[in-house]
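Residues per chain, in single letters:
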Amino acid sequence: MIIVSRASLLAKAAIAFSSILFGGSSMSSPNESITVTKSADPLLLRAARGEKVERSPVWMMRQAGRHMAAYRKLVEDYPTFRQRSEIPEVALAISLQPFEKYGVDGVIMFSDILTPLPAMGIEFNIGESGKISIDPIRTPEDISSRLRRTSN
């Protein structure tokens, strides 16, 4: 597992955005001349493969779309976080909103690390403030009861 500090991520984002605003590529040093091969593959995929690219790719997490009227409208129709993250069509619509509005190179799929828990018999709720409510597992019986719920 690779752990990256928040400061490091912010610095990389700033470099990527300055590259887009002022030209050039943050993928190479300022004095280095690079040869970029155009491809039909999306910029983000080419950069992820380590290819030399014409500019740094920009992607957006779905949280960046909360300011959008389309997102707020969707929240009216799907008021719980679990609805928005567990209904594939809704999660896709949320993920694509900033992609379509801003034309970024990619988006991070709207989901949550807790999404697989119900399939393991562990129910939870996430409030709009981000507070997670989950029944604790304290005994072997708690585990057994959850396993019984998932095997039925």
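> What should I look at first to understand the confidence of the model for the chain in this one?
The predicted structure's coordinates, where accompanied by low pLDDT, should not be read in detail. In this model, the chain carries a mean pLDDT of 75, and residues with pLDDT of at least 70 account for 69%. Low pLDDT (under 50) marks residues 1-11, which in the prediction has one contact with non-local residues, meaning those over four places away or in another chain. This stretch, residues 16-28, has a pLDDT under 50; its non-local contacts, to residues over four places away or in other chains, come to 23 contacts.

> I keep staring at the pattern of salt bridges and nothing clicks. Help me out?
If you walk through the whole model with that rule in mind, you get eight salt bridges. One salt bridge connects Lys73 with Asp77, and the closest N-O pair in it is separated by 3.5 Å. Within this pair, Lys73 and its partner Asp77 are both found in helix H3 (residues 69-77), separated by four residues, close to a single helical turn. For Lys73, a relative accessible area of 44% puts it in the partly exposed group. Looking at Asp77, the relative accessible area reads 47%, which means it is partly exposed. Between Glu86 and Arg82 there is a salt bridge, and its shortest N-O distance comes to 2.7 Å. With a gap of four residues between them, Glu86 and Arg82 both fall in helix H4 (residues 81-86), about one helical turn apart. A relative accessible area of 14% places Arg82 in the buried class. Salt bridges here are not isolated pairs; linked through shared partners, they connect Asp41, Arg49 and Glu51.

> Where do I start with the packing of aromatic side chains in this structure?
Working definition: an aromatic ring pair is given by the centre-to-centre distance plus the angle between the planes. According to the stated counting rule, one finds zero aromatic pairs in the structure shown. Its guanidinium or amino end placed over the ring of Phe124, Arg82 lies 4.4 Å from that ring's centre, counting from NZ or CZ.

Reading the values: the criteria
- Residues numbered from 1 in each chain as written.
- Predicted model: local features only at pLDDT ≥ 70, side-chain atom pairs only at ≥ 80, totals over all residues.
- Heavy atoms only, no water.
- pLDDT = per-residue confidence, 0-100.
- Contact = heavy atoms within 4.5 Å.
- Salt bridge = Lys/Arg side-chain N within 4 Å of Asp/Glu carboxyl O.
- Helix = DSSP H or I, 4+ residues; strand = E, 2+ residues; numbered from the N terminus.
- Buried < 20%, exposed > 50% of the residue type's maximum accessible area, 1.4 Å probe, protein only.
- Phe/Tyr/Trp six-rings, centres within 6.5 Å; stacked < 30°, edge-to-face > 60°.
- Lys NZ or Arg CZ within 6 Å of the ring centre and 35° of its normal.

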